[in-house]
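# Structural description and commentary
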Amino acid sequence: MKTIKLNNGVEMPMLGYGVFLVSPEECERCVLDAISVGYRLIDTAQAYYNEEGVGAAISKCGVPRNELFLTTKVWISNAGEANAARSIDESLHKLKTDYVDLLLIHQPFGDYYGTYRALEKAYKEGKARAIGLSNFYDARFVDLVENMEVKPAVLQLETHVFSQQRKMRELIKDYGTQLMAWGPLAQGTDGIFTNETLKAIGDKYGKTNAQVALKFLLNEGIVAIPKSTHKERMASNLAIDDFKLSEEDMETIRKMDTGKLKVDFNDPAMAKYLINYDKNFNPNK
């Protein structure tokens, strides 16, 4: 498994397995399957409601904990320094581990300054080997980072061949922050699995559209966390080390970038939706 070195020296796998929308009932089986076919990076979150399934899988998989790279994220309902600190301990309990390898703020809403301070404390206490952000864009990313002591090791954003995040990739370079792609296969939309451009490239190497799309991201230095509940597709997504995309192939795929996102976290309507959702989700607010 190829790795990349984060800005604090921690080695992170370039390709991982994400469990967004994997049901709590299926999660343990899916993570065990993913680990069995070779994944070592597992990405979950408090808001996925499946941390327990991930924890059960990593405790049963037979792979030493120090060979796994585990990511989770603090949700809006746990924003603020004290709330986030409590939620981090709860996540560790659910995950059956003393530490996570990467701890992120899930959304750029609520008291995320206080949340990030809790992440910094967790990092210094050894509860997280690296910390970072998810779905932070533009000025909001810069404002937070410039006011915090520990620079984020990772920024997780929607990233795929149709939205390649060129602007954000340039912005985060100054902080040594690594881009991590959620939805690296565009969540199966926009005809990505039948796209003729990707198919023509894949046919040259005997590879699928998904394999070509993932290979492109890794070649661009982007960590990717594809999700599937089918073991054979998990294995297929992982089997991309035996071919090389030419520079001509890379340039062809770069031209597929529309810059359009499925989810716009700079949209005020999205902010209102998530904040109101959070209030409904957390009756104590």
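Residues numbered from 1 in each chain as written. Predicted model: local features only at pLDDT ≥ 70, side-chain atom pairs only at ≥ 80, totals over all residues. Heavy atoms only, no water.

## Considerations on the sheet that holds strand S7 (residues 131-134)
Spatially, 8 strands are ordered S3-S4-S5-S6-S7-S8-S9-S10 in an open sheet, and the strand pairing comes out parallel. Two strands lie at the open edges of the sheet, namely strand S3 (17-18) and strand S10 (223-224), each paired on one side alone. In the sheet, strand S6 (residues 102-105) pairs with S7 via 3 bridges, with the strands oriented parallel. Bridge assignment links Leu103 to a residue of S7, and that residue is Ile131. (Pairing = 2+ DSSP bridges. Helix = DSSP H or I, 4+ residues; strand = E, 2+ residues; numbered from the N terminus.)

## Description of the nonpolar core
One finds Met12 and Tyr17 to be the most contacted residues of the largest nonpolar core, which totals 96 residues. For this core, the leading source of residues is helix H8 (residues 209-219), giving 7 residues. (Core = buried A, V, L, I, M, F, W, Y, C linked by side-chain atoms within 4.5 Å. Buried < 20%, exposed > 50% of the residue type's maximum accessible area, 1.4 Å probe, protein only.)

## Brief notes about the pairing of S7
Burial along S7 is two-sided: the residues Ile131 and Leu133 and Gly132 and Ser134 are all buried. Inspection of the sheet shows S7 paired to strand S8 (residues 154-158) by 3 bridges, in the parallel sense. Paired with Gly132 across the strands is Val154, a residue of S8. For the handedness criterion, the β-α-β arrangement of S7, helix H5 (residues 138-146) and S8 is classed as right-handed. (Right-handed = clockwise from strand over helix to strand, strands pointing away.)

## Quick notes on the environment of Glu196
Note that Glu196 resides in helix H7 (residues 196-205). Of the residues examined, Glu196 reaches a relative accessible area of 59% and is grouped as exposed.

## With respect to unusual backbone geometry
Phi at Tyr49 is positive, roughly 60°, even though this residue is not glycine. Within the secondary structure layout, Tyr49 lies in the loop between strand S4 (41-43) and helix H2 (51-60). Overall, Tyr49 belongs to the partly exposed group, its relative accessible area being 41%. Residue Asp190 is not a glycine yet carries a positive backbone phi of 55°. Locating Asp190 in the fold gives a position in the loop between strand S9 (178-182) and H7. Among the residues examined, Asp190 registers a relative accessible area of 48% and is labelled partly exposed.

## Some remarks on the packing of aromatic side chains
Tallied over the entire structure, the rule returns 6 aromatic pairs. A ring pair is formed by Tyr17 and Tyr39, whose centres lie 5.9 Å apart and whose planes are at 55°; its orientation type is tilted. Taken together, the residues span a long stretch of sequence, with Tyr17 in strand S3 and Tyr39 in the loop between helix H1 (24-37) and S4 at a distance of 22 residues. Judged on exposure class, the residue Tyr17 and its partner Tyr39 are both buried. Their ring planes at 25° and their centres at 5.1 Å tell us that Tyr112 and Tyr113 sit as a pair that is stacked. (Phe/Tyr/Trp six-rings, centres within 6.5 Å; stacked < 30°, edge-to-face > 60°.)

## Re a nonpolar patch on the surface
Together, Tyr49, Tyr273 and Tyr277 make up an exposed nonpolar region whose accessible area comes to about 330 Å². The topology assignment puts Tyr277 in helix H11 (residues 268-281). Note on Tyr277: relative accessible area 34%, which makes it partly exposed. (Patch = residues over 30% accessible without salt bridge, like charges linked within 9 Å, V, L, I, M, F, W, Y side chains within 5 Å. Areas by Shrake-Rupley, 256 points an atom, 1.4 Å probe, with all protein chains shown as cover. Salt bridge = Lys/Arg side-chain N within 4 Å of Asp/Glu carboxyl O.)

## Here we look at helix H6 (residues 166-173)
Of the positions making up H6, those classed as buried are Met168, Arg169 and Ile172. Take H6 and look down its axis: the buried residues cluster within an arc of 105°, on one side only. Exposed positions of H6 whose direction lies more than 90 degrees from the buried face are Lys167 and Lys173. Those residues of H6 that are buried lie in contact with H5, S8 and S9. (Arc of directions from axis to C-beta. Contact = heavy atoms within 4.5 Å.)

## Remarks on the UniProt feature "site: Lowers pKa of active site Tyr" (unreviewed entry) in the chain
Summarizing the sequence annotation, UniProt attributes the feature "site: Lowers pKa of active site Tyr" (unreviewed entry) to Lys73 in the numbering used throughout. Within the secondary structure, Lys73 is located in strand S5 (residues 69-74). Relative accessible area serves as the criterion here: at 0%, Lys73 is assigned to the buried category. In this structure Lys73 touches Asp43, Thr44, Ala45, Gln46, Tyr48, Leu104, His106, Ser134 and Gln156, once residues within four positions along its chain are discounted. Within the structure, the side chain of Lys73 is placed 2.7 Å from the side chain of Asp43, a separation counted as a polar contact. (UniProt positions renumbered as here; feature names shortened; annotations may be inferred. Polar contact = N/O pair within 3.5 Å; in protein donor to acceptor, adjacent residues only side chain to side chain.)

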